[in-house]
Amino acid sequence: MPVVTPEKLAALQQHADDIRNICILAHVDHGKTSLTDALLATNGIISPKLAGKIRYLDSRPDEQIRGITMESSAISLYFSMLRRPAPDAEPIPKEYLINLIDSPGHIDFSSEVSTASRLCDGAVVLVDAVEGVCSQTVTVLRQTWTEKLKPLLVINKIDRLITELKMTPGEAYIHLSKLLEQVNAVLGSFFQGERMEEDLNWRERVDERVAATAAKEAKLGDMESDAGDLQFEERDDEELYFAPEKNNVIFSSAIDGWAFTVRQFASLYEKKLGIKRSIMEKVLWGDFYLDPKTKKVLGRKHLKGRNLKPMFVQLVLEQVWAVYQATTGGDHGKGDPALLEKITKSLNITIPPHIIRSRDPRLLLTTVISSWLPLSTALLVSVVESLPSPKVAQAERLPEMLEDSPGSTHIDSLVKDAMVNFKTSDSDPVVAYVSKVVSIPESELPENKRRTGQLSAEEARELARKKRAEFARAQAAESNVTDDLTSALDSVNLDDFAPDAEEKKVDPEHLIGFARMYSGKLSVGDSLYVLPPKFTAANPHAAPEPQKVTVTALYMFMGRNLESLNSVPAGVVFGIGGLDGAILKSGTLCSQLEGSVNLAGVHMAGKPIVRVALEPVNPADLDKMIEGLKLLVRSDPCAEYEQFGSGEHVLLTAGELHLERCLTDLKERFARCDIQAGAPIVPYRETIVRADEMRPPVNKELGRGVVVGVTNSKQVSITIRVRPLPANVTEFLLKNPGAIKRLYSERKALDGIEAESEIGIDEEQSVEDDEDLLEGKSLSLEDLKKQLQSTLETGKGREIWKGVTDKITAFGPRRIGPNLLIDATKDECFPKTFAPEKQQDGNRPKAGEALHAEHLCDKVTYAFQLAMNQGPLCNEPVQGVAVIIEDLTIAPIEEETSARDRLGRLTGEVIKTVQQSIRQGFLDWSPRLMLAMYSCEIQASTEVLGRVYEVLTRRRGRVLSEQMKEGTPFFTIQSTIPVAESFGFADEMRKRTSGAAQPQLIFAGFDVVVDEDPFWQPFTEDDLEDLGELADRENVAKRYMDGVRRRKGLLVEGRGQRVAAEKQKTLKR
């Protein structure tokens, strides 16, 4: 294949209609990188023989060792095909530029998929023909749906149906049609969910219209017509689905280098059967049969009992099966020479003699089948014909994307028009989106690389001079061997150590933005504003003020290499230099600040959950490590770095494999020093439940969970009742933090008070709070109140929660958490969250005013936030708890002290008392420790199923379902496993099953796995009789709790208890 020069690719960037920006998405090990290899071979980047084996885009050493992709990498490909300008015209060659992004399939790197999909206009979704639809397949299909990408389905690894599962063509056809149904069912579920939401919104709008019209007391006819204007639009979902006759399904085997579409075979059989190609395309897939006598196409009802094969089986699959039979089938897998000769003659293929003589039947197979059905042709033709150009895609995708962006109503109409209508002249506003930042060593940049090809005279002389100097050094070393010791040492010092000094030269890292142009034209030297992710067009100068940067370099991504560009037009995926220090992970670049657009609302699929404290082996390298961590965080879309109050430097990552990659990068590239990682830090949650067996309440008269707290000075007494929230209420609050956050910010704006500092927040806890919640996604305040009230008033024990919504004073912790502070005092002195207009004017006493309960309200709320953020078990956040303030009284005192002075003294006392009272009330119930959970999907064959269960059980996993994939010997096991028990889980699973089972772990929230009170001790007669006073069985919840307490330096009860003194010493002395 001819090598395509970068200059040629750069010239093609100017023709936007001939560009396709695509990403390749799939589950792990479904063949994305092998498929990409076949496409690279067409551009002469790698040899066609090595395609599928070399995995060119896996450029990292750890990617090659593990055999999986960890970073999305882009490459630009040239493709030329014959196209007819008009239906009757002669076909002429047309050139295309395909910007292709290969993304990872492992769940730990799903953030890389999010960043890749925002830059593209179309997606190639791969599905393994044997494994079928897996967890990540659903995730990537959802990603294409939310990003409005047009998908193309590739059913890969069809060779496994022939060689592994030994299916006949008829069985394979049934298997493939079921697989296609599964993929379409996933798309259908997305469509249905969206339609239900639209239907609900439409009904609400109709009700509002009708109510408004009725209020005006209009005529009946007007009312009908007004409601009738809002007709519910029925949308056709026909266009969504994959169907071979629509040419959006490709059947392939990337490892054997072949692929085909129905259209290819339709054109092959057009002349032979005398059926028009357009008709042939429609009947080649589905229940259509070819009558052997009349050569007519029949439907199922016209078969009249004849046992005919479907046309897809007879005309397509049987031909592919025949090639496999001729080359790798027959006796001992040597093939059938007679059949092979017949096939090569009919297909007009000549096989080189050395391949015929080769003893490797697979080489023969790949030569024959890739000559007949080349993978690159089928895939690239489908990409060009089925997927949209940037111009078409932006007109479809951007209006909705711009509407969802922050401050969408304030976007300049010029910017909006340039983006939607794809304007590319120099005068148009420049808008580009940087989805991630990649780190490139300085030596890898094109300006520092030696050009291939002819050397200049000066370079040739310099090279010759170096070679001569090296040769002279080598000769000198040989002649001095017999000399005395001092001269030998001199020669060592002069010659041997000079190169060492050169080798130790540090290769600094440069950050390059991975970006997509939406409008205008960008050149080196241009100045742009970098808009941070929280930028809104409504307030463009809000802190942090957007920075202005100058573009120092523009690059074209070519896999592991970069090529320099002078300018970039709209519709291109490119690299941009000069953003150092101006951008963190992602951001929008715009040529103007006023009325600019923020595109940074990428939904990240995976949040970092695994946290590890790092420290350098040599303490002197601490600054190096901190700088390295900052670089790592900027170049990794999912990694985060925090410094805890305890002084620990903590790295947050998406999973164990992601952590391993981050540590490798940190040691070898960013920090360049030895770093040791501590044990992973896992988040927990604390809650309370109503258990069957609980200790009697501390205060029997007042009831369980009621505590009367009195401050040290005996001036303030407060009665608090703590009770567990119903599970459905906790779930509702966890799902809607965005609405609660907005409620708080609106209330703050209404009060006109300054923002309080974030209270009681230990950075360690901020794992799953999504700071960049998009405004459009959360409930309205009215809906939040209604739904919360209805949730509280359904289920068991609903009487006690009636009318509680109007009494809610605060949510906690962090003001958006799943716990409630409820005001049940007689005077209702606390400010209410849902009724801000009833609030008093300020909490500070005026001069000469007596001290009232209202003045202490904000102190009680503050104490509630602190108590919810650090629970009594092991200082972890609390969830599912309602704290009801029943009484707050201030004792009158005889001293003549002003209320202001008393308030200052009482503040600390009140906070401490309320905090302790909530803790006591919490422990009056049966406390539980909630563990962070992974949902785990495992595909395993029947032989290793027992070992899979063994590993799961040992790690406290819980199996939810087990389904057998029809037509295959594989089971899909859905289970949950605690994050705390998951470290080393994937490795152990691979070892125990000899690599046959690979778990995929996705964070799935918190759950009570060990339904046991950490402080439980036998107190009933039966328990004491069975277990004795020491409770001989291990309390697992206490073990988890003590582990966290030990790590945080808290007191661990029962440590080093001596059961029998004689066991600790020798009595015989």
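See the structure above.
The shown structure was predicted, so the numbers you read here are calculated from the model rather than taken from an experiment.

Novice: Quick one: what's the story with the sheet that holds strand β20 (residues 610–616), residue by residue and with numbers?
Specialist: Hydrogen bonds along the backbone pair up the strands of a sheet, which may run parallel or antiparallel. Taken together, the four strands give an open sheet; going across it, the order is β21-β22-β20-β23, and neighbouring strands pair in antiparallel fashion. Either end of the sheet is taken by a strand with one partner, and the two such strands are β21 (640–643) and β23 (675–681). With strand direction ignored, the average angle separating the axes of adjacent strands in the sheet is 30°. As paired elements, β21 and strand β22 (residues 649–653) share four bridges and run antiparallel to each other. Residue pairing for β22: Y641 is matched across the bridge by L651. Against the sheet, helix α20 (residues 622–635) touches β20, β21, β22 and β23, its axis set at about 25° to β22. Where helix α21 (residues 656–670) meets the sheet, it contacts β20, β22 and β23, and its direction lies at approximately 130° from that of β22.

Novice: If you had to explain a nonpolar patch on the surface to someone new, which residues and values would you point to?
Specialist: Side chains of L702, V708 and V710 sit close together on the surface and give an oily, nonpolar patch of about 220 Å² of accessible area. Relative to the elements of secondary structure, L702 occurs in the loop between β24 (684–689) and β25 (706–710).

Novice: Describe the nonpolar core, with residues and values.
Specialist: One broad trend across soluble globular proteins is that nonpolar side chains are buried collectively. I155, F251 and V320 are the most contacted members of the largest nonpolar core, which totals 103 residues. No other element matches helix α11 (residues 311–328), which puts 11 residues into this core. Apart from residues no more than four positions distant in its own chain, F251 is found in contact with I155, I158, L176, P244, W258, A259, F260, V262, W285 and F312. Counting residues in each nonpolar core, the second largest holds 85 residues, with I609, L873, C874 and L1001 among its members.

Novice: Outline the packing of α20 against α21, listing residues and values.
Specialist: α21 packs onto α20 with a crossing angle of 125° between their chain directions and a minimal axis gap of 10 Å. Here α21 runs oblique to α20, going by the angle between their axes. Regarding α20 and α21, the two cross each other, and that crossing is right-handed. Where α20 approaches α21, its residues G628, L629, L631, L632 and S635 are matched on the opposing element by C662, D665, L666 and F670. Broken down by class, the residue content of the contact of α20 with α21 amounts to six nonpolar, two polar and one charged.

Each value, and the rule that gives it
- Residues numbered from 1 in each chain as written.
- Predicted model: local features only at pLDDT ≥ 70, side-chain atom pairs only at ≥ 80, totals over all residues.
- Heavy atoms only, no water.
- Pairing = 2+ DSSP bridges.
- Helix = DSSP H or I, 4+ residues; strand = E, 2+ residues; numbered from the N terminus.
- Axes fitted to C-alpha atoms, helices over the stretch in contact; angles between N-to-C directions.
- Contact = heavy atoms within 4.5 Å.
- Patch = residues over 30% accessible without salt bridge, like charges linked within 9 Å, V, L, I, M, F, W, Y side chains within 5 Å.
- Areas by Shrake-Rupley, 256 points an atom, 1.4 Å probe, with all protein chains shown as cover.
- Salt bridge = Lys/Arg side-chain N within 4 Å of Asp/Glu carboxyl O.
- Core = buried A, V, L, I, M, F, W, Y, C linked by side-chain atoms within 4.5 Å.
- Buried < 20%, exposed > 50% of the residue type's maximum accessible area, 1.4 Å probe, protein only.
- Parallel < 35°, antiparallel > 145°, perpendicular 65-115°, else oblique.
- Left-handed = near helix turned anticlockwise from the far one by under 90°.
- Nonpolar A, V, L, I, M, F, W, Y, C, P; charged D, E, K, R; others polar.

The analysis is restricted to geometry; functional conclusions fall outside its scope.
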